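Examining the three-dimensional arrangement
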Amino acid sequence: MTSFLRFVAARGNKNPELLVYGDIGDWWGDVQARDFAEQLQAIDAPEIDVRINSDGGAVFTAQAIYSSLKHHPANINVYIDGIAASAATIVMMTGDRIIMAENAMIMVHNPLIGVVGNADELREWAETLDKVAETIKATYRQKTGLDDETLDELLSKDTFMSASEALEYGFVDEVTPALKIAAKRGENGTVIINGLTVSADRCKRLPSDWLNSVKSYNEPQEKDLVAMTLDELKAQH
């Protein structure tokens, strides 16, 4: 079991926890869906807390995790600790109740793929992506009740949502007080936010009010941990 996906046994009055931190993917990410299902089946508890801080990954792996959690008899509480982006939002949708920190973020978009082929092959892949997008919209629609027109608009680009926006759209059920967020510079122009490495390009697309919240709530725990505004991130990366 890797550091991305980690089950924490129940302690005292606390529920067992599933920590989802990192990239999602069977063959290139940090976790395999089969291993996940085996670990989940070993948990016998009335409630499971799922904590997410993930930039996303492979949609089919995320859908397999989603199905495994949905079929588990436990009540699932999902907490968004830092960011739930892309495929991580599919895992997020498993929650019977989804709780998001005031200074956390979610991001949704249409599925992406990198392929090489002739025109006919590329057209086939485009049609496949359209079908995958329909499955993603069905998952979001079941939770949010949003119509296809709204979902299409949200998915047409990288749509970042603050906690209040996510609550308004119906992606989450509750917003809790802000968590402390620690940000520091990583390698190759990346930024590490609460232990999750985020590309500098993606940081440029984060809403400035959210990045300003990093400055408001961050308390450095290491010498090189610093709070950064959007302008500071752009200047340094």
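One can find the structure itself at the top, above this paragraph.
Predicted, not measured: the structure shown is a model, and the values here were computed from it.

1. Here we look at the overall build of the chain
Each helix and strand counted, the chain has 9 helices and 11 strands in total. In the chain, which comprises 237 residues, the proportion classed as buried is 47%. Long-range contacts, defined here as pairs at least 24 residues apart, represent 67% of the contacts in the chain between residues at least 6 apart. Accessible area of the chain: about 12300 Å², with a carbon and sulfur share of 48%.

2. Observations concerning a nonpolar patch on the surface
Together, Ile-113, Val-115, Leu-122 and Trp-125 make up a nonpolar patch on the protein surface, roughly 320 Å² of accessible area in all. Note that Leu-122 resides in helix 4 (residues 119-144). On the accessibility criterion, Leu-122 (38% relative accessible area) is partly exposed.

3. A closer look at the environment of Leu-129
The topology assignment puts Leu-129 in helix 4. For the pair Leu-129 and Asn-110, spaced 19 residues apart in sequence, the C-alpha separation works out to 8.3 Å. Those residues within four positions of Leu-129 in sequence are excluded, and the remaining contacts are Pro-111, Leu-112 and Ile-113.

4. Digging into helix 5 (residues 148-155)
When helix 5 is considered as a whole, its buried residues turn out to be Leu-151, Leu-154 and Leu-155. Within helix 5, the buried residues cover an arc of 90 degrees as seen down the axis, which keeps them to one side. Those residues of helix 5 that are exposed and angled more than 90 degrees off the buried face are Glu-149 and Glu-153. Buried residues along helix 5 sit against strand 6 (105-108), helix 4, strand 7 (159-161) and helix 6 (163-169). In this structure Asp-147 caps helix 5, since a side-chain oxygen of it lies 3.3 Å from the backbone nitrogen of Glu-149.

5. Points about the pattern of salt bridges
Pairs may arise between side chains of opposite charge once their charged atoms sit close together. Scanning all chains against the criterion turns up 8 salt bridges. With its nearest N and O atoms 3.0 Å apart, the salt bridge here joins Arg-51 to Asp-81. In this pair, Arg-51 sits in strand 3 (residues 47-57) while Asp-81 sits in strand 4 (residues 75-85), placing the two residues 30 residues apart along the sequence. A relative accessible area of 21% places Arg-51 in the partly exposed class. With relative accessibility at 7%, the residue Asp-81 sits in the buried group. Here Glu-134 and Lys-137 are joined by a salt bridge, their closest N and O atoms 3.0 Å apart. Linking Glu-134 with Lys-137, this pair stays in helix 4, spanning 3 residues, or about one helical turn. One network of salt bridges, with partners in common, ties together Glu-17, Arg-51 and Asp-81.

6. A short note on a negative patch on the surface
Among the surface-exposed residues, Glu-121, Glu-124, Glu-127 and Asp-130 lie close enough to one another that they form a single negatively charged patch. Looking at the secondary structure, you find Glu-127 in helix 4. Residue classification places Glu-127 among the partly exposed residues on the basis of a relative accessible area of 49%.

7. Some remarks on the nonpolar core
Nonpolar side chains in soluble globular proteins tend to end up buried together. Val-50, Ile-52, Leu-69, Ile-80, Met-92, Ile-106 and Phe-171 are the most contacted members of the largest nonpolar core, which totals 45 residues. At 5 residues, the largest contribution of residues to this core is made by helix 2 (residues 59-71). Sequence-distant contacts of Ile-106, defined by excluding residues within four places in its chain, comprise Ile-80, Ala-84, Thr-89, Met-92, Met-100, Thr-159, Phe-160, Met-161, Ala-166 and Phe-171. Within the second largest apolar cluster, 5 residues are counted, among which are Ile-83, Ala-85, Met-105 and Met-107.

8. Considerations on helix 2
Over its 13 residues, helix 2 extends 18 Å from the first C-alpha to the last, a length consistent with the 18 Å expected when each residue adds 1.5 Å. Among the residues making up helix 2, those that are buried are Val-59, Thr-61, Ala-62, Gln-63, Ile-65, Tyr-66, Ser-68 and Leu-69.

9. Brief notes about the side chain of Asn-77
Mapped onto the fold, Asn-77 is located in strand 4. The exposure class of Asn-77 is buried, given its relative accessible area of 9%. In this structure the side chain of Asn-77 is engaged in a polar contact, spanning 2.7 Å, whose partner is the side chain of Glu-47. The residues contacting Asn-77, other than those within four sequence positions of it, are Asn-15, Glu-47, Ile-48, Asp-49, Val-50 and Arg-97.

About the thresholds
Per chain, residues are indexed from 1 in the order of the written sequence. Only residues with pLDDT of at least 70 get local features here, since the model is predicted, and only at 80 or more are side-chain atom pairs given and counted; chain-wide, interface and lining totals rely on the full set of residues. Heavy atoms from the whole structure form the basis of all side-chain values; hydrogens and water molecules are not counted. Under the DSSP-based scheme used, a helix requires at least four consecutive residues in state H or I and a strand at least two consecutive residues in state E, with every element numbered from the N terminus. Categorising residues by exposure relies on relative accessible area from a 1.4 Å probe, with only protein chains included: less than 20% of the type maximum marks a residue as buried, more than 50% marks it as exposed, and the intermediate range marks it as partly exposed. Contact criterion: two residues are considered in contact whenever any of their non-hydrogen atoms come within 4.5 Å of each other. The accessible surface values rely on the Shrake-Rupley method and a 1.4 Å probe; as for residues, cover is taken only from the protein chains in view. Like-charged residues are merged into a patch within 9 Å and nonpolar side chains (Val, Leu, Ile, Met, Phe, Trp, Tyr) within 5 Å, provided each residue has over 30% relative accessible area and no salt bridge. Salt bridge, as applied in this entry: a Lys or Arg side-chain nitrogen positioned within 4 Å of an Asp or Glu carboxyl oxygen. What the arc measures is the spread of directions leading from the helix axis to the C-beta atoms. Any pair of nitrogen or oxygen atoms within 3.5 Å is treated as a polar contact; in protein, a donor-acceptor pairing is required on top of that, and neighbouring residues in sequence qualify only through side-chain atoms on both sides. Residues scored as positive are Lys and Arg, those scored as negative are Asp and Glu, and His as well as the terminal groups of each chain are ignored. Here the site of a charge means atom NZ of a Lys, CZ of an Arg, CG of an Asp or CD of a Glu. By nonpolar core is meant a set of buried Ala, Val, Leu, Ile, Met, Phe, Trp, Tyr and Cys residues that side-chain atoms within 4.5 Å join together. To estimate how far a helix should extend, the number of its residues minus one is multiplied by 1.5 Å.

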